[in-house]
Amino acid sequence: MIGLLLYAIWYILPAYVTNSSAVLFAGKSPMDSGAKFLDGKRILGPGKTWKGFVGAVLLGCLVGAAQAFFSTSETFVLAIFLAVGAMVGDAIGSFVKRRLGLERGEAAPFLDQWDFLFGAFIFNGLGTIFLDLNFPSLLIILLILVLTTFLHLLTNWIAYELNLKSNPW
Ligand code: CTP
Ligand code: MG
């Protein structure tokens, strides 16, 4: 079980780093250029910028390059798919949030935590059509979904205890 957990973390690491580093690269020009959707609300909103997208993807790929050092070069190619998929999933999550009438940064339980994961899994799956890439088992995927939810709750609780957030969730 511990082995499975470690494998799951190692596999999803590029997507984790990508998703959590976007905020560090946060840029000014939004990906939707301020454009609105049919419902009159922003397509993606001001929280999705090109600089954030590209910076985060590059950092995720860098993690993949470091992993490949300990593993095969396939790990690096896999990381590219995971990183791009994570940011595409994150943007689709924002698209859904705007359609639900949620403002930038408003909480959408599960969607906020899982959008980048589903993006990463789907891009990984697409990659396997063209390249000889690994794809995780259903058990590993479920383990990652549960682990991510748990980690999210834990980090929010820590941020609350450190007075960085006003509520513990
Ligand atoms: N970010 C960015 N570009 C991206 C993704 C994220 O610049 N493609 C930055 C933005 O500053 C964003 C922050 O990272 O506000 C946190 O990302 P996230 O939680 O995904 O966005 P939210 O602000 O919560 O917006 P949304 O409601 O659309 O999820
Ligand atoms: Mg958010």
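In case you missed it, the structure is sitting above this.
Procedures and definitions
Residues numbered from 1 in each chain as written. Chains lettered and ligands numbered in written order. Predicted model: local features only at pLDDT ≥ 70, side-chain atom pairs only at ≥ 80, totals over all residues. Heavy atoms only, no water. Core = buried A, V, L, I, M, F, W, Y, C linked by side-chain atoms within 4.5 Å. Buried < 20%, exposed > 50% of the residue type's maximum accessible area, 1.4 Å probe, protein only. Helix = DSSP H or I, 4+ residues; strand = E, 2+ residues; numbered from the N terminus. Contact = heavy atoms within 4.5 Å. Near = heavy atom within 4 Å. Polar contact = N/O pair within 3.5 Å; in protein donor to acceptor, adjacent residues only side chain to side chain. Areas by Shrake-Rupley, 256 points an atom, 1.4 Å probe, with all protein chains shown as cover. Axes fitted to C-alpha atoms, helices over the stretch in contact; angles between N-to-C directions. Parallel < 35°, antiparallel > 145°, perpendicular 65-115°, else oblique. Left-handed = near helix turned anticlockwise from the far one by under 90°. Nonpolar A, V, L, I, M, F, W, Y, C, P; charged D, E, K, R; others polar. Expected span 1.5 Å × (residues − 1). Salt bridge = Lys/Arg side-chain N within 4 Å of Asp/Glu carboxyl O.

Some details on the nonpolar core
Here is step 1 of the chain: Within the largest apolar cluster, 19 residues are counted, with the highest numbers of intra-cluster contacts made by Tyr 11, Ile 12, Ala 15, Leu 117, Phe 121 and Ile 144.
Here is step 2 of the chain: Looking at this core, the elements that each hand over two or more residues are helix H1 (2–25), helix H3 (73–99), helix H4 (111–130) and helix H5 (138–161).
Here is step 3 of the chain: Among the elements that make up this core, the one with the highest residue count is H5 (six residues).
Here is step 4 of the chain: Beyond its immediate sequence surroundings of up to four residues, Phe 121 is in contact with Tyr 11, Ile 12, Phe 135, Ile 141, Ile 144 and Leu 145.
Here is step 5 of the chain: Core analysis: the next-biggest nonpolar cluster, separate from the first, contains ten residues, Met 31, Val 57, Cys 61 and Ala 91 among them.

Considerations on the site of ligand 1
Here is step 1 of the chain: Close contacts around ligand 1 come from 17 residues, with Lys 48, Thr 49, Ser 94, Arg 98 and Gly 105 the closest.
Here is step 2 of the chain: Thr 49 has a polar side-chain atom sitting 2.6 Å from an oxygen atom of ligand 1.
Here is step 3 of the chain: At 2.8 Å, a side-chain N or O of Arg 98 approaches an oxygen atom of ligand 1.
Here is step 4 of the chain: Coverage of ligand 1 by the protein amounts to 81% of the 560 Å² it exposes when considered alone.

Things to note about the packing of H4 against H5
Here is step 1 of the chain: Contact pair H4 / H5: the axes reach a minimum separation of 10 Å and the direction vectors enclose 150 degrees. Between H4 and H5, the angle is such that the two are roughly antiparallel. As for how H4 packs across H5, the hand of that crossing is right-handed. Residues Gln 113, Trp 114, Phe 116, Leu 117, Phe 118 and Phe 121 of H4 pack against Ile 141, Ile 144, Leu 145, Thr 148, Thr 149 and His 152 of H5.
Here is step 2 of the chain: Within the contact of H4 with H5, the residues separate by chemical class into eight nonpolar, four polar and no charged.

Comments concerning the side chain of Lys 48
Here is step 1 of the chain: You can see Lys 48 is positioned in the loop between H1 and helix H2 (50–70).
Here is step 2 of the chain: Here Lys 48 falls in the buried class, since its relative accessible area comes to 14%.
Here is step 3 of the chain: At 2.9 Å, the side chain of Lys 48 forms a polar contact with the side chain of Ser 94.
Here is step 4 of the chain: Apart from residues no more than four positions distant in its own chain, Lys 48 is found in contact with Pro 30, Met 31, Asp 90, Ala 91 and Ser 94.

Topic: unusual backbone geometry
Here is step 1 of the chain: Phi at Ser 33 takes a positive value of approximately 50 degrees, unusual for a residue other than glycine.
Here is step 2 of the chain: Under the relative-accessibility criterion, Ser 33 is labelled exposed at 66%.
Here is step 3 of the chain: A positive phi angle is found at Asn 163, which is not glycine, with a value near 60 degrees.
Here is step 4 of the chain: Relative to the assigned elements, Asn 163 resides in the segment after H5.

Some thoughts on H2
Here is step 1 of the chain: Taking 1.5 Å as the rise per residue, H2 with 21 residues should run 30 Å; its terminal C-alpha atoms sit 31 Å apart, in good agreement.
Here is step 2 of the chain: Within H2, the full set of buried residues consists of Gly 52, Phe 53, Gly 55, Ala 56, Val 57, Gly 60, Cys 61, Val 63, Gly 64, Gln 67 and Ala 68.
Here is step 3 of the chain: Those residues of H2 that are buried are in contact with H1 and H3.

Comments concerning the pattern of salt bridges
When the charged atoms of two side chains lie near each other, side chains of opposite charge can form a pair.
Here is step 1 of the chain: In total, this model carries four salt bridges according to the counting rule given.
Here is step 2 of the chain: Among the salt bridges present, the one from Arg 99 reaches Asp 39, with a minimum N-O distance of 2.6 Å. With Arg 99 in helix H3 and Asp 39 in the loop between H1 and H2, the pair connects residues that are 60 residues apart, well separated along the chain.
Here is step 3 of the chain: With a relative accessible area of 22%, Arg 99 lands in the partly exposed category.
Here is step 4 of the chain: Overall, the relative accessible area of 36% leaves Asp 39 in the partly exposed class.
Here is step 5 of the chain: The salt bridge involving Lys 48 is made with Asp 90; its shortest N-O contact spans 3.0 Å. Of the two residues, Lys 48 sits in the loop between H1 and H2 while Asp 90 sits in helix H3, which places them 42 residues apart along the sequence.

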